[in-house]
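Close look at the chain arrangement
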Amino acid sequence: MQDKERGFGPGAGKDDDGSEDIHGSKHVRRPENGHSLEGGHSPAHGQSQEDRHAVDDAAGVLSGEVDVDVARVDPGQADVDAAWMDRALALARQALGQTSPNPLVGAVVLDETGRLVGEGYHHRAGEPHAERLALAQAGAAAQGGTLYVTLEPCSHYGRTPPCVDAVIASGVRRVVAAMVDPNPLVAGRGIARLRQAGIDVQVGVREEQAQRLNEPFVHYITTGRPLGVWKAAMTLDGKIATVAGESRWISGEAARALVHEWRQTYDVVLVGSGTILRDDPQLTTRRAGGRPGRDPVAVVVDSSGRVPVNARLFTTPRTRPPVLATTERCPQFVRDAWARAGAQVWVVAAEPATGRVDLADLWRRLGEAGLTSVLIESGGEVAYSALAAGLVQRVNLFIAPLLFGGASAPTPLGGTGIRRLSDAWRLTSVEVSQIGDDVLITGRVRSGTGPNAGQKGKGSEAAGCSRES
Ligand code: AOF
Ligand code: ZN
């Protein structure tokens, strides 16, 4: 296990505060106010150093890579709780893109004096939950202590037994959870069980951050459908290509690198056949360094079978086969050729009005396959259909400092568009940031907005517009 001394604030690497953990790395700095929060594991609770290493390895604790500067918090329990929850959230993030369809979860255990004695995070579906790993690392030191966990401990038998049993058995006095588990199998039952056992339970510390971290999981586990995130890049004057069709590149290098990072965290990247024919994208993650890339599943919507088997979609090595989502209209010989080229061919419902792939039906299939998030990188027709079908929950739009002009130059969203301003989709929780020279605007699509707001649950019927597939 490697320890990098980085990211612990201005005092990182100095030995004036913070004790060393068993790997010799600086862990958490002692608050200036002298509060009892101490950094560093205490190896002295009945385990040999080798045992501790074994548990650490099992937990995969990347101690030196987690950034939390406890020294900066103000006195008071709320701030102390927030700082430890930040650490648990940072642990959870270590597995970004790896846990689907399960959530990202991190956990920290303090002993009764407030010393850090265990930490862990969920690595991937089917493997132990975060709180179990943290409690295993803490061992007997958890007695009378506190468990911080970014998601309510589970109360159900899934791939693993209920964590609440392990929490109760550990003897912790207090549990602080960032949010209630939206999984209908849990949904507050974990908290109730802990309270019944006499444990002091507090919920909602750093809730916003925890909800955001698990945005795909929350949507998927409550709807059975993947979260839809529409991403586009346009010029300052709202174009995605010149009048002659040139579009490479509109956004800058930094923005494109960020999109490659995103692809590692989404389960699916979706385009239409038009994008394949026009740009021949590889749709893989090509991120230099860092974690070994896990490609999203590339899903191409092609109702009639236009995508050729020599497209880079098929010829680029990828960790998971692409999916061609088509309709009965697609000739059998094309489906066979796609399958021979290594694709999964899904015949989904067609929209009655247009014969195009019914995206609502595709989303249902994706959900059934345990895919929790879709990054929509398509052209404007598929994007509009997805929005119109109510399948887009977040918009990520890059604006590049370029001007193209040209009345016929394409814009990010096609489709029929709306007539009345009151029918507009509106974003909420909007955030603006600068990525290189580009501006990134992200926000949630506010429910109850858009032209089909009054027809919730009617699927994509109102999406009857031409699309590029
Ligand atoms: C996780 N990791 O750290 C926590 C989870 O299929 P299972 O048994 O792994 O259970 C998955 C459910 O457990 C998940 O949907 C969530 O409700 C709950 N908590 N899951 O994968 C964890 N704490
Ligand atoms: Zn659990």
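Residues numbered from 1 in each chain as written. Chains lettered and ligands numbered in written order. Predicted model: local features only at pLDDT ≥ 70, side-chain atom pairs only at ≥ 80, totals over all residues.

1. Observations concerning the overall build of the protein
- The helix and strand tally for the protein stands at 13 helices and 14 strands.
- Taken across its 469 residues, the protein has 45% of its residues classed as buried.
- In the protein, the share of contacts with a sequence separation of at least 24, taken over all contacts with a separation of at least 6, comes to 70%. (Helix = DSSP H or I, 4+ residues; strand = E, 2+ residues; numbered from the N terminus. Buried ≥ 20, exposed ≤ 12 C-beta atoms within 10 Å, placed from the backbone. Contact = placed C-beta atoms within 7 Å.)

2. Describing the pairing of strand β4 (residues 174-177)
- Bridge count for strand β3 (residues 146-149) against β4 is four bridges, and the pairing is parallel. For threonine 146, the partnering residue across the bridge sits in β4 and is arginine 174.
- Pairing between β4 and strand β5 (residues 200-203): four bridges, direction parallel. Across the sheet, valine 176 pairs through a bridge with glutamine 202, a residue of β5.
- For the segment spanning β4, helix α5 (residues 189-196) and β5, crossover handedness is right-handed. (Pairing = 2+ DSSP bridges. Right-handed = clockwise from strand over helix to strand, strands pointing away.)

3. Section: unusual backbone geometry
- The omega torsion across serine 100 and proline 101 is 5°, close enough to zero to call that bond cis.
- Note on placement: proline 101 falls in the loop between α2 (77-93) and β1 (106-110).
- The omega angle of the peptide bond from arginine 248 to tryptophan 249 is -10°, so this bond is cis rather than trans.
- Structurally, the position occupied by tryptophan 249 is in the loop between β6 (227-235) and α8 (253-265).
- Phi angles above zero are rare outside glycine, and arginine 206 is one such case at about 60°.

4. Examining the packing of helix α4 (residues 163-170) against α5
- Running from N to C, α4 and α5 point in directions that differ by 25°, and their axes come no closer than 10 Å. Classified by the angle their axes make, α4 and α5 are roughly parallel. Here α4 runs over α5; the crossing is right-handed. In contact with Val164, Val167 and Ile168 of α4, α5 contributes Gly190, Arg193 and Leu194.
- Of the residues contributing to the contact of α4 with α5, the split by class is four nonpolar, one polar and one charged. (Axes fitted to C-alpha atoms, helices over the stretch in contact; angles between N-to-C directions. Parallel < 35°, antiparallel > 145°, perpendicular 65-115°, else oblique. Left-handed = near helix turned anticlockwise from the far one by under 90°. Nonpolar A, V, L, I, M, F, W, Y, C, P; charged D, E, K, R; others polar.)

5. Describing the site of ligand 1
- Surrounding ligand 1, one finds 18 residues, the nearest of these being Asn102, Val105, His129, Gly158 and Asn183.
- Here the shell around ligand 1 is composed, by residue class, of nine nonpolar, six polar and three charged. (Near = placed C-beta within 6 Å.)

6. Quick word on the environment of alanine 178
- Looking at the element boundaries, alanine 178 is found in the loop between β4 and α5.
- When the C-alpha atoms of alanine 178 and valine 205 are compared, they prove to be 4.6 Å apart, with 27 residues separating the residues in sequence.
- Excluding residues that lie within four positions of it along the chain, alanine 178 makes contacts with Met85, Thr150, Leu151, Val205, Arg206, Glu207 and Ala210.

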